[in-house]
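Next come the chains, spelled out residue by residue.
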Amino acid sequence: MTITALAESLDRAALNARPLPGGVTGLEDTTEAYAVQDALIVRRLARGERLTGVKLGFTSLAKMRQMGVADLIHGRLTDRMEIPDGGQYDLSGLIHPRVEPEVAFLLGDTLRPGADPTAAVAAVAPALEVIDSRYDGFRFSLPEVIADNTSAAAYVVGPWSALRSPGGPSDLGNLGVLLELDGRPAETGSTAAILGHPLRALAAAVRLCGPLEPGTVILAGAATAAVPLPPGTHVRATVTGLGAVQFTATTARTATEEGA
Ligand code: OOG
Ligand code: MG
């Protein structure tokens, strides 16, 4: 498949909530895979979406093991993917959603390659990411998941804290991470799982993406494996010292019933 054709197929798979037919893309090269991702994002922007940030993938061993890949990847976030903290999110447009706990950074200044990344960061927050591979059974090669915008579907950012706020953690390097579904622990981990320290995700992001503008949100990558997300679930992630972030997964039907 050509780059344009593959971008169109992946985009259509996401829009129709149906996995890519055939399953085989022939993609082997990561440079080509990022070109497909670019073309996919161009299509989203043409529909009126706005870029809000970048996400890193496979920054933890837990994620690499779960998905059978072993390299850092990056994808793009748009305003269509934002879920308000505490809000509802309709899963009916997704194929087989999973959810994972994340740490988010907000840039206050331009982040440039080689510069001290913390100088550009305005704030940090607990976050959740909903992923939804456009490949059948979440089975993909590294180039394939890159082309698919790294399975990005939606994200929620919790309360922002200044990087070194009074009462906040003095170091982000080993904070407890808890993912709960309906009040029951589903995954636990530590921010140390993210490249040894989540601040390293910033250096990785700028190395992979080039300079990043003020206002950009950066998802550092999940500290734990992702878990399946059934409709009707209340999801909460807590990062010690940073607080909690949450949303409720609905289907259009349950949302209407609840709203009625
Ligand atoms: C790819 C997305 C990886 C992370 O945080 O590691 C990712 C996938 O698991 O399908 O978002
Ligand atoms: Mg993620």
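Residues numbered from 1 in each chain as written. Chains lettered and ligands numbered in written order. Predicted model: local features only at pLDDT ≥ 70, side-chain atom pairs only at ≥ 80, totals over all residues. Heavy atoms only, no water.

Examining the site of ligand 1
As a matter of local geometry, ligand 1 sits amid 17 residues, with F58, K63, E100, S151 and A222 nearest to it. Contacts to ligand 1 include K63, whose side-chain N or O atom sits 2.8 Å from an oxygen atom. At 3.0 Å, a side-chain N or O of E129 approaches an oxygen atom of ligand 1. When ligand 1 sits alone it has 320 Å² of accessible area, and the protein chains cover 100% of it. Of all the secondary-structure elements, those providing two or more residues to the shell around ligand 1 are β1 (51-57), α3 (61-67), β5 (98-107) and β6 (121-131). Considering every element that reaches the shell around ligand 1, the biggest residue donor is β1, with 3 residues. Within the shell around ligand 1, the residues separate by chemical class into 8 nonpolar, 4 polar and 5 charged. (Near = heavy atom within 4 Å. Polar contact = N/O pair within 3.5 Å; in protein donor to acceptor, adjacent residues only side chain to side chain. Areas by Shrake-Rupley, 256 points an atom, 1.4 Å probe, with all protein chains shown as cover. Helix = DSSP H or I, 4+ residues; strand = E, 2+ residues; numbered from the N terminus. Nonpolar A, V, L, I, M, F, W, Y, C, P; charged D, E, K, R; others polar.)

Some points on the coordination of the magnesium ion (ligand 2)
Ligation of the magnesium ion (ligand 2) by protein atoms is provided by E100 (OE), E102 (OE) and E129 (OE), these donors lying 2.0 Å from the ion. Coordination of the magnesium ion (ligand 2) draws on donor residues from a single chain, spaced E-x1-E-x26-E in sequence. Of this pair, E100 sits in strand β5 while E129 sits in strand β6, and the two are 29 residues apart along the sequence. Of the residues examined, E100 reaches a relative accessible area of 3% and is grouped as buried. (Donors = N, O, S within 2.8 Å, 3.2 Å for Na, K, Ca; no water. Buried < 20%, exposed > 50% of the residue type's maximum accessible area, 1.4 Å probe, protein only.)

Examining helix α2 (residues 30-46)
Its 17 residues give α2 an end-to-end C-alpha distance of 24 Å, which sits within 8% of 24 Å, the value for a rise of 1.5 Å per residue. Turning to α2, its buried residues number three or more, namely A33, Y34, V36, Q37, L40, I41 and R44. Buried residues of α2, seen end-on, are gathered within an arc of 155° and therefore sit on one face of the element. The exposed set on the far side of α2, more than 90 degrees from its buried face, consists of T31, V42 and A46. For α2, the secondary structure elements touched by its buried residues are α1 (3-16), β1, β2 (73-78) and α5 (142-147). At the N-terminal boundary of α2, the capping side chain belongs to D29, with an oxygen 3.2 Å from the backbone nitrogen of T31. Once α2 ends, the next one or two residues include G48, with phi positive near 100°. (Expected span 1.5 Å × (residues − 1). Arc of directions from axis to C-beta. Contact = heavy atoms within 4.5 Å.)

Looking at the environment of L181
Of note, L181 is situated in strand β9 (residues 176-181). Residues L181 and T233 lie 52 residues apart in sequence; the distance between their C-alpha atoms is 6.3 Å. Non-local contacts of L181, meaning those with residues more than four positions away in its chain, are made with V99, A186, V227, P228, T233, H234 and V235.

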